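What the coordinates show
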Amino acid sequence: MAVIVDFIREFSPWIYGACAVAALWYLRVVLLARSERRSSVFALERNRRSTGSSAPGAPRFALSALMAGVYLLSTVVFAAVEPQLTAGQESPHARRCRGECRHADAVAHVAAA
């Protein structure tokens, strides 16, 4: 589970970009349907096209839910599972110093190593 959350956090900018492209495509579809409805001559044709352009509310909800889920997983849930991902690993600073540094954090990371 922690690996999946880390994967989603790592690729969240790409997921947000894909959602933005999908939202723009959906907006294009809605605008084309609206222009077709306005250009239709007969009332029956207008009525049929108006039900087609207002019905697809599911993509809006799905994109919003996906983006909210990615945000929650990459911020809130990642903070909870991060200790599982870093358990048994040295910090990047501890790997560089290998106990030879003389700063305030030296005691903490030398003791952890």
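Shown above is the structure to which this text applies.
Since this is a predicted model, take the numbers as computed values, not measurements.

Evaluated as defined, the whole model comprises 1 aromatic pair. Ring centres of F7 and F11 lie 4.7 Å apart, and the angle between their planes is 50°; this geometry places the pair in the tilted category. Looking at R9, its charged tip hangs above the ring of F78, at a distance of 4.3 Å from the centre.

Below, the discussion takes up a nonpolar patch on the surface. Where nonpolar side chains cluster on the molecular surface, the patch consists of F7, F11 and W14 and spans about 390 Å² of accessible area. With respect to the element layout, W14 can be found in helix 2 (residues 12-39). Note on W14: relative accessible area 67%, which makes it exposed.

Let us now look at helix 2. Between the first and last C-alpha of helix 2 there are 40 Å, a value that for 28 residues agrees with the 40 Å anticipated at 1.5 Å per step. For helix 2, the secondary structure elements touched by its buried residues are helix 1 (2-10) and helix 4 (58-86).

Each turn of an α-helix holds 3.6 residues, which means side chains three or four residues apart point in the same direction. Of all the bends in helix 4, the largest measures some 60° and sits at F78. Every buried residue of helix 4 is listed here: L63, V70, S74, F78 and V81. For helix 4, the secondary structure elements touched by its buried residues are helix 1 and helix 2.

Another point: the side chain of S74. Following the sequence through the fold, S74 ends up in helix 4. For S74, the side chain forms a polar contact with the main-chain oxygen of V70, separated by 2.8 Å. Beyond its immediate chain neighbours, meaning those up to four positions away, S74 contacts R9 and Y16.

Rules and cut-offs
Residues numbered from 1 in each chain as written. Predicted model: local features only at pLDDT ≥ 70, side-chain atom pairs only at ≥ 80, totals over all residues. Heavy atoms only, no water. Phe/Tyr/Trp six-rings, centres within 6.5 Å; stacked < 30°, edge-to-face > 60°. Lys NZ or Arg CZ within 6 Å of the ring centre and 35° of its normal. Patch = residues over 30% accessible without salt bridge, like charges linked within 9 Å, V, L, I, M, F, W, Y side chains within 5 Å. Areas by Shrake-Rupley, 256 points an atom, 1.4 Å probe, with all protein chains shown as cover. Salt bridge = Lys/Arg side-chain N within 4 Å of Asp/Glu carboxyl O. Helix = DSSP H or I, 4+ residues; strand = E, 2+ residues; numbered from the N terminus. Buried < 20%, exposed > 50% of the residue type's maximum accessible area, 1.4 Å probe, protein only. Expected span 1.5 Å × (residues − 1). Contact = heavy atoms within 4.5 Å. Bend = angle between axes of the 7 residues up to and from the residue. Polar contact = N/O pair within 3.5 Å; in protein donor to acceptor, adjacent residues only side chain to side chain.

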